Amino acid sequence: SIRGKVHIGNAIPLVKRMQIFKDQKICGTKHRDIPLVQASGDGLLNTVVYLEDISSGKPFRAASKKITVNQLGCRFIPHLSVMANGGEIEIINSDTILHNIHTYEMVGPANFSAFSVSQPQRGDIVTKRIELKRSVGMRIMCDAHDFMRGFVFVARNPYYAIVDGDGEFFIDNVPPGTYAIKSWHGTLGEKQASVSIQPNGVVKIEFFY
């Protein structure tokens, strides 16, 4: 197994404040603070740690093959999701106003449109199969409300973990071998290291931004 922590390092917490000009009864009357970079102590939040180029071992969890993102109060809930590449994402509009979900594959600093779907009524549900080819990150936005932001990490294999409330992570049942291991953050990007796993071994690793 692999355990460790993602540190905020030299990065600084960052919140983007955006004004709310429409649908204020549902979305709020003032502004929306978008948490681009969040930390708890020195632990970086909203980060996924994963192994690259590993094809054997444990299967994907069933919950990662179909995930749900809800639009409630003009927010994407959860803010960060993780799903298996080739799986399905279900998007629900729980608000009484129109949302137009628009997803983008994140390739370095560029964003390439994946799909855009209008959901004009409360209770509208859209399900899409996701298969990214160039990256592991997907940005979620609403074309009707530019202050709605979210992220989906699209995993190529089941060896990943979302950090907890202290920035710590744990990946278990890793086959013995040497692997590239990365941390992914929707705003700060990726950090990479190498890790070697022995049979029944436990390795500790840390990332610093």
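Computed from a prediction, not measured in an experiment: that's the story for all the values here.

Moving on, we come to the pattern of salt bridges. Oppositely charged side chains are able to pair whenever their charged atoms sit close together. By the definition in use, this model includes seven salt bridges. A salt bridge links Asp42 to Lys5; its shortest N-O distance comes to 2.8 Å. Of this pair, Asp42 sits in the loop between β4 (39-40) and β5 (43-44) while Lys5 sits in strand β1 (residues 2-7), and the two are 37 residues apart along the sequence. A relative accessible area of 37% places Asp42 in the partly exposed class.

Generally speaking, soluble globular proteins have nonpolar side chains that are buried together. Residues Ile89, Ile130, Phe147 and Val152 are the most contacted members of the largest nonpolar core, which totals 26 residues. The set of elements that each furnish at least two residues to this core consists of β7 (66-71), β10 (88-93), β12 (110-119), β14 (137-142) and β15 (145-155). Here this core gets four residues from one element, more than from any other, and that element is β15. Ranked by size, the runner-up nonpolar core spans 22 residues in total, among them Ile54, Ile171, Ile181 and Tyr209.

With that settled, consider the sheet that holds β15. Overall, mixed pairing links the five strands, which are arranged β9-β15-β14-β11-β12 in an open sheet. The outermost strands of the open sheet, each flanked by one partner alone, are β9 (80-84) and β12. In this sheet, neighbouring strand axes are inclined to one another by 25° on average, regardless of whether the strands run parallel or antiparallel. Inspection of the sheet shows strand β11 (residues 99-107) paired to β14 by six bridges, in the antiparallel sense. Following the sheet pairing, Glu105 is matched in β14 by Met138.

Moving on, we get to the state of the cysteines. The full count for this structure, using the stated rule, is one disulfide. In this structure Cys142 is a free cysteine whose sulfur lies 7.5 Å from that of Cys74, the closest cysteine sulfur available. The exposure class assigned to Cys142 is buried, which follows from its relative accessible area of 3%.

How each quantity is defined
Counting restarts for each chain: residues are numbered from 1 in the order of the written sequence. Two thresholds apply to this predicted model, a pLDDT of at least 70 for residue-level local features and 80 or more for giving and counting side-chain atom pairs, whereas whole-chain, interface and lining totals are computed over all residues. The side-chain numbers reported here are obtained from all heavy atoms of the structure, hydrogens and water having been left aside. Salt bridge criterion: a side-chain nitrogen from Lys or Arg within 4 Å of a carboxyl oxygen from Asp or Glu. Numbering of helices and strands runs from the N terminus; a helix is a DSSP stretch of H or I covering at least four residues, while a strand is a stretch of E covering at least two. With a 1.4 Å probe rolled over the protein chains alone, any residue whose accessible area is under 20% of its type maximum counts as buried; one over 50% counts as exposed, and the rest are partly exposed. In this text, buried Ala, Val, Leu, Ile, Met, Phe, Trp, Tyr and Cys residues form a nonpolar core when linked through side-chain atoms within 4.5 Å. Strand pairing requires that DSSP identify at least two bridges connecting the strands. Comment: axis = line fitted to C-alpha atoms, over the contacting stretch for helices; angle = value between 0 and 180 degrees taken between N-to-C directions. The disulfide criterion is simple: two cysteine sulfur atoms within 2.5 Å.

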